[in-house]
Amino acid sequence: MKRFFLVCFGFLCLAFLIISCQTQERTDTQETSSEVQVRPSPLEQDCSFCGMPSGEFPKFNAYFKTASSQHGFCSTRCLFAFYLNDENQITAADITEAQVTDYYTTKKIEAKKAFYVSGSQQKGPMGADFMPFDTQDAAQEFKIDHKGEAIYTFEQINASVLSEVLQGKK
Ligand SMILES: [Zn+2]
């Protein structure tokens, strides 16, 4: 009788082993296929300007793509600091896609169509920053509520505007 139980127990163990192996195999295949499907988002890259992990700042992060490269940034100011650096030789025409984070809605919006408020009390991950908005009305409202200095479009932000904003002068 004892032997009968032992044999039964042995079979049960074997059955469990087979089932768990099969389950394991299935999970492995699923993981592999999902890994293949995931494309690296520039918003998850380390900031191309300061090196901080952009993914840790979902309320401020930004990115742009050119025909040959993609760059993620922790904040709007890092995007402009990188884009306006002559050494990187990037013009507005080179940028095929660019998004920043709307301060009020925290949604990603087109960087080239956004309105940027400078000099406000609201700081970004790196300190003084431009706060982006989808509409001019929202930018105006924010400027009044948060004591902003000025509203810029994408084209209006150049190296001298950037440097004054970073120094807290505008
Ligand atoms: Zn940065």
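The text that follows walks through the structure, step by step, so that each part is easy to find. Since we're looking at a predicted model, the values are computed, not measured. (Residues numbered from 1 in each chain as written. Predicted model: local features only at pLDDT ≥ 70, side-chain atom pairs only at ≥ 80, totals over all residues.)

A closer look at the nonpolar core
Part 1 of the reasoning: In terms of nonpolar packing, the biggest core is built from 33 residues, with F73, C78, L79, Y116 and F133 touching the most fellow members.
Part 2 of the reasoning: Where this core is concerned, the elements lending two or more residues are β1 (62-66), α2 (76-83), β3 (95-101), β5 (115-118), β6 (131-133), α3 (136-145) and α4 (159-166).
Part 3 of the reasoning: The element contributing the most residues to this core is α2, with five residues.
Part 4 of the reasoning: Contacts of L79, omitting those with residues within four sequence positions, involve A62, F64, F73 and V100. (Core = buried A, V, L, I, M, F, W, Y, C linked by C-beta atoms within 7 Å. Buried ≥ 20, exposed ≤ 12 C-beta atoms within 10 Å, placed from the backbone. Helix = DSSP H or I, 4+ residues; strand = E, 2+ residues; numbered from the N terminus. Contact = placed C-beta atoms within 7 Å.)

Description of α2
Part 1 of the reasoning: Burial analysis of α2 places seven of its eight residues in the buried class, which makes it a mostly covered element.
Part 2 of the reasoning: For α2, the complete set of buried residues consists of T76, R77, C78, L79, F80, A81 and Y83.
Part 3 of the reasoning: Elements in contact with the buried residues of α2: β1, β2 (70-73), β3, β5, β6 and α4.

Examining the sheet that holds β1
Part 1 of the reasoning: The strand order across the open sheet built from four strands is β2-β1-β3-β4, with neighbouring strands paired in antiparallel fashion. Because the sheet does not close on itself, it has two edges, and the strands there are β2 and β4 (108-110). Averaged over neighbouring strand pairs, the angle between their axes works out to 20° when direction is ignored.
Part 2 of the reasoning: Here four bridges tie β1 to β3, and the two strands are oriented antiparallel to one another. (Pairing = 2+ DSSP bridges. Axes fitted to C-alpha atoms, helices over the stretch in contact; angles between N-to-C directions.)

A look at unusual backbone geometry
Part 1 of the reasoning: Positioned with a positive phi, T106 is a non-glycine residue whose angle comes to about 55°.
Part 2 of the reasoning: Tracing the chain through its elements places T106 in the loop between β3 and β4.
Part 3 of the reasoning: A tally of 10 C-beta atoms within 10 Å means that T106 is categorised as exposed.
Part 4 of the reasoning: The residue K147 is not glycine, and still its phi comes out positive at about 50°.
Part 5 of the reasoning: Its place among the elements puts K147 in the loop between α3 and β7 (150-153).
Part 6 of the reasoning: A count of 12 C-beta atoms within 10 Å places K147 in the exposed class.

Topic: the pairing of β5
Part 1 of the reasoning: On β5, burial covers both faces: F115 and V117 on one face and Y116 and S118 on the other are all buried.
Part 2 of the reasoning: Relative to β6, β5 is paired through three bridges, and the arrangement is antiparallel. Residue Y116 lies in a different strand from β6, and its bridge partner there is P132.
Part 3 of the reasoning: Of the strand pairs in this sheet, β5 and β7 are connected by four bridges, and their pairing is antiparallel. Counted as the bridge partner of Y116 is Y152 from β7.

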